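Breakdown of the fold
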Amino acid sequence: MNLNILVLPGDGIGTEVTGEAVRVLRRVAEKWNHQLKLTEGLLGGIAIHKTGTPFPKETEQIATQVDATLLGAVGLPEFDEAPPHLRPERGLLGIRKAMGVYANLRPVRTYKALIHSSPLKNELIEGTDMIIVRELTGGIYYGTPRGISGEGAEERAVNTMVYTRPEIERVARMAFQLARGRRKKVTSVDKSNVLENSQLWRKVVIEIAREYPDVELDHLLVDNCAMQLVLNPRRFDVVLTENMFGDILSDEGAVLAGSIGMLPSASIGDKKPSGAWTGLYEPVHGSAPDIAGQSKANPLGAIGSVAAMLDYSFGLKEESEAVNRAIEMVLSIGRVTADLKPSGAPATTVEVGDAIVAAI
Ligand code: NAD
């Protein structure tokens, strides 16, 4: 298969973890005989330095042509005081919008080898394996009218939560399709006891569910879902929710995995003529300026993002599972960076990459 991939290392540890993720891609291509075409591009702080903008036109052009994009992280402290259009993070919003990725998928699973480091009771979280599907381009973060007006006692702020039927339908279909390849259960999360917006959400999700009679659907109010995520996380397979609820719940889910350096994410849009889903894959963490350049960064979130890419954008399940198995193996032998190893000698970023490549 042809794997045509744009790589955007970005800033700080983004370049370090992406380097290891690319080695993993090369190993997979070699072992399963795929034709890998990698193009490297600029995004974030490095793009500002080299081109004057965080999201250069050239990056946009390539990102909309390739099958999938792998991103490290963006952000440099020297731009903390810069105006919004000259901040590295603006590049992130720009590329998500340009690629039309409307669903953010965050796999949340617990690893046996890390379970003891969880703040939650081990017997409650062992075996957790879910995907949170968050709508990414609608809802209260984008709705208008918005703004702050008036003065003194008259000062007021407005945000608007808007969803249209097609926006709900497309993300719901994605959740049901994902569930079909897993344990066939979707939990839709809303606040339909209070919000009209959520009432439409629930109505449309129920209608879409009829297209997938083999998938079980249940509904949870967001407050209850927040509680169930820590009380009984094993009950979840695919969690489907709107933008703001997903933003909050996915960070709560992150606690279940151990370190932020472990977490992959995938942002998915429509299917391309090639049959591949448009996809932007990146670890959840940022550029971590506090450890950048020290070979301390955990590359497993970036490597897990490669596993997600192989599965969602290319349908290469066997290859994706091999990468995930390698992650599990490396964790079980304790070949891990300092964030996962409070005592004993930690491995460097490259040594973790070496161990993964050897395990595949
Ligand atoms: P961060 O995720 O970069 O770091 C938070 C903490 O987690 C730090 O102590 C860091 O050392 C640690 N950490 C993060 N990733 C790690 C890894 N792979 N291995 C080991 N430890 C890891 O978040 P922050 O410090 O709030 O932000 C730093 C910069 O990154 C900012 O400029 C921010 O805007 C940007 N940021 C970018 C993204 C993105 O590119 N998607 C996401 C979040 C933050």
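Before reading on, note that the structure itself is shown above.
Residues numbered from 1 in each chain as written. Predicted model: local features only at pLDDT ≥ 70, side-chain atom pairs only at ≥ 80, totals over all residues. Heavy atoms only, no water.

Core analysis: the biggest nonpolar cluster contains 71 residues, and Leu105, Val133 and Ile356 have the highest contact counts within it. Considering each element in turn, this core owes the most residues, nine residues, to helix α10 (residues 300–312). Discounting chain neighbours no more than four positions away, the residues touching Val133 are Ala103, Asn104, Leu105, Val171, Ala175, Leu178, Val238, Val239, Leu240 and Thr241. Ranked by size, the runner-up nonpolar core spans 17 residues in total, among them Ile132, Met161, Phe245 and Leu256. (Core = buried A, V, L, I, M, F, W, Y, C linked by side-chain atoms within 4.5 Å. Buried < 20%, exposed > 50% of the residue type's maximum accessible area, 1.4 Å probe, protein only. Helix = DSSP H or I, 4+ residues; strand = E, 2+ residues; numbered from the N terminus. Contact = heavy atoms within 4.5 Å.)

Looking now at the site of the ligand. Taken together, 20 residues surround the ligand, and among them Glu89, Gly286, Ala288, Asp290 and Asn298 come closest. A distance of 2.9 Å is found between an oxygen atom of the ligand and a side-chain nitrogen or oxygen belonging to Asp290. A breakdown of the residues in the shell around the ligand according to their chemical character gives ten nonpolar, six polar and four charged. (Near = heavy atom within 4 Å. Polar contact = N/O pair within 3.5 Å; in protein donor to acceptor, adjacent residues only side chain to side chain. Nonpolar A, V, L, I, M, F, W, Y, C, P; charged D, E, K, R; others polar.)

Let's shift gears to the sheet that holds strand β1 (residues 2–10). The strand order across the open sheet formed by ten strands is β2-β1-β3-β12-β11-β4-β5-β10-β8-β9, and the pairing between neighbours is mixed. Of all the strands in the sheet, the pair left with one neighbour each is β2 (35–40) and β9 (216–221). Ignoring strand direction, the axes of neighbouring strands in this sheet form an average angle of 25°. Along the sheet face, helix α9 (residues 243–255) touches β4 (103–109), β5 (129–135), β8 (185–190) and β10 (238–241) and points at about 150° away from the line of β5. (Pairing = 2+ DSSP bridges. Axes fitted to C-alpha atoms, helices over the stretch in contact; angles between N-to-C directions.)

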